[in-house]
Amino acid sequence: MLGQVEAAGHALVDTPESADVIVVNTCAFIDAAKEESVDTILEMAQHKQGGAQKLVVTGCLAQRYADELAKDIPEIDHILGSSDFPALAGVLTSRAPAAGKAKSRSRALPVIQVAETPRYIYDHEAPRVRIGARHSAYVKVAEGCDRPCSFCIIPKLRGPQRSRGIDDIVAEVRGLAAGGALEINLIAQDLTRYGWDGGSSPETRATLAQLLRSLGRIDGVAWIRLHYTFPSAFDDDLIDAIASEPKVVKYIDVPLQHISDAMLKRMRRGHSSRVTRDLIERLRSRIDGVVLRTTFIVGHPGETAAEFDELCAFVAESKFDRAGAFTYSVEPGTVSALLPHRVDPEVAAERQQTLMELQRQISRERHEAMVGKEIDVLVEGVSSESEYLLEGRWYGQAPGIDGVTYLSDGQVPPGSLVRARVTQASDYDLAATLER
Ligand code: SF4
């Protein structure tokens, strides 16, 4: 979006007070995200009293609730769906819809541009403005999802999966590396299904393993990281590529959601607990030093106390390096929203706390076992905790979602990859000193 706007000759500003046009990019994944999005729109709407001439709302909330937003928040001038933002530059220069344009209405309605089925995916020629650290970049390799998980609204928000071509992604990553990106975070709603929309046969379509091998040859890139890998789509070729490509970090983020077979069935995940257990065994036995991150949903309709106990036992025995637990959020339009046997939200919150406490102890043990070991740390810059510390991450810590490694000595610029020795461990963070 920023790229589109800047390429059209507009200047980007840092504060709503100095903006002529305010664009709010929204999320609608779960209730909390929807609330945050609406609060932000309302907050930004107040700037229409001041200098802002136009308020544009885009993203997933706009995709899902365009009519409601148009009706309930009259300050909004334009609404663009989750794949309609290429129209943004045009919207910025268009005149706000005039009162009376909508003949039978009493006030001007926002211009709604929301594709019924989102189809857009960017390519390497799309202008891009990067915000955040130069040394770490996100690259979306596919958009949309074709899976039927019963609790999830994403396929409706983002449309069917469409993958970018390998050459296109390689071209983008080359450009990012030339601009200083050492770490490339590959993202998609369903990363392991990258390329599947090009046909079912791995002989004729692009695969994630091929993509990793191609990206592994790009000079300047040090770490390639995989996010959101669906458990049942790991084939041997992919595991081999992760294990053997030196630049692919041995960190796998695999959302498992549950382990009980009955729950997996209710969640329509399309695989059994045996597949999950086999996968963990295969990943650990074939990828040296693999760090596993996962997430679980607790309190999904139908989850019994016994099924939750089964999940706790699985977490205790599996000893994931990182795990997050989320309480189920009812999403209208999903299959789960219609299921009987809702779990009391208080019970769900208790289950979340129980699981997170269990994982906290595991995380602590795993961190304590690292004390004395040498690690490579990608330095982010001066720590937010103290100006006397540097902050960075080893490959087992993904940006934005995991803890950090504090470096207690030395002065190195952000984006340096340094060797350090772990001196202290806490539940989610590490402390280390530079190796000289
Ligand atoms: S694979 Fe992920 S994005 Fe796709 S439906 Fe399932 S939970 Fe949603």
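The rules behind these values
Residues numbered from 1 in each chain as written. Predicted model: local features only at pLDDT ≥ 70, side-chain atom pairs only at ≥ 80, totals over all residues. Heavy atoms only, no water. Pairing = 2+ DSSP bridges. Helix = DSSP H or I, 4+ residues; strand = E, 2+ residues; numbered from the N terminus. Axes fitted to C-alpha atoms, helices over the stretch in contact; angles between N-to-C directions. Contact = heavy atoms within 4.5 Å. Phe/Tyr/Trp six-rings, centres within 6.5 Å; stacked < 30°, edge-to-face > 60°. Buried < 20%, exposed > 50% of the residue type's maximum accessible area, 1.4 Å probe, protein only. Lys NZ or Arg CZ within 6 Å of the ring centre and 35° of its normal. Parallel < 35°, antiparallel > 145°, perpendicular 65-115°, else oblique. Left-handed = near helix turned anticlockwise from the far one by under 90°. Nonpolar A, V, L, I, M, F, W, Y, C, P; charged D, E, K, R; others polar.

Novice: Hey, could you run me through the sheet that holds strand E2 (residues 54-59) in this one?
Specialist: Sheet architecture is open: 4 strands sit in the order E1-E2-E3-E4, paired in parallel fashion. Strands with a single pairing partner mark the edges of an open sheet, and in this sheet they are strand E1 (21-26) and strand E4 (111-113). Pairwise comparison of adjacent strand axes, ignoring direction, gives a mean angle of 15 degrees for this sheet. Sheet contacts for helix H2 (residues 31-45): E1 and E2; angle to E1, the most-contacted strand, approximately 175 degrees. Packed on one face of the sheet, helix H3 (residues 60-72) meets E1, E2, strand E3 (78-80) and E4 and runs near 130 degrees to E2.

Novice: What should I look at first to understand the packing of aromatic side chains in this one?
Specialist: Given two aromatic rings, one states the distance between the centres and the angle between the planes to describe the pair. Applying the stated criterion across every chain yields a total of 5 aromatic pairs. Judged by centre distance (5.4 Å) and plane angle (85 degrees), the rings of Phe 85 and Tyr 120 are edge-to-face. In this pair, Phe 85 is assigned in the loop between E3 and helix H4 (88-93) and Tyr 120 in the loop between E4 and strand E5 (136-140), connecting sequence segments 35 residues apart. You can call Phe 85 buried: its relative accessible area is 19%. Judged by centre distance (5.6 Å) and plane angle (65 degrees), the rings of Phe 314 and Phe 320 are edge-to-face. A relative accessible area of 0% places Phe 320 in the buried class. Here a set of aromatic residues connected by ring pairs shows up, and it is made of Phe 296, Phe 314 and Phe 320. Directly above the ring of Tyr 65 sits Arg 64, whose terminal nitrogen or CZ lies 5.8 Å from the centroid.

Novice: Where do I start with the environment of Arg 268 in this structure?
Specialist: Inspection of the secondary structure assignment puts Arg 268 in the loop between helix H9 (261-266) and helix H10 (273-286). Note: C-alpha distance between Arg 268 and Ser 163 (105 residues apart in sequence) is 23 Å. In this structure Arg 268 touches Pro 148, Cys 149, Ser 150 and Val 335, once residues within four positions along its chain are discounted.

Novice: Honestly, the packing of H2 against H3 in this entry has me stumped. Any pointers?
Specialist: In a pair of packed helices, the angle between the axes and the distance between the axes together describe the arrangement. Packing of H2 against H3 brings their axes to within 12 Å, and their N-to-C directions diverge by 55 degrees. By the angle between their axes, H2 is oblique relative to H3. The crossing of H2 and H3 is right-handed. The residues of H3 that touch H2, namely those facing Lys 34, Ser 37, Val 38 and Ile 41, are Leu 61, Tyr 65 and Leu 69. Here the contact of H2 with H3 is composed, by residue class, of 5 nonpolar, 1 polar and 1 charged.

Such coordinate-based values are descriptive only and should not be taken to indicate function.
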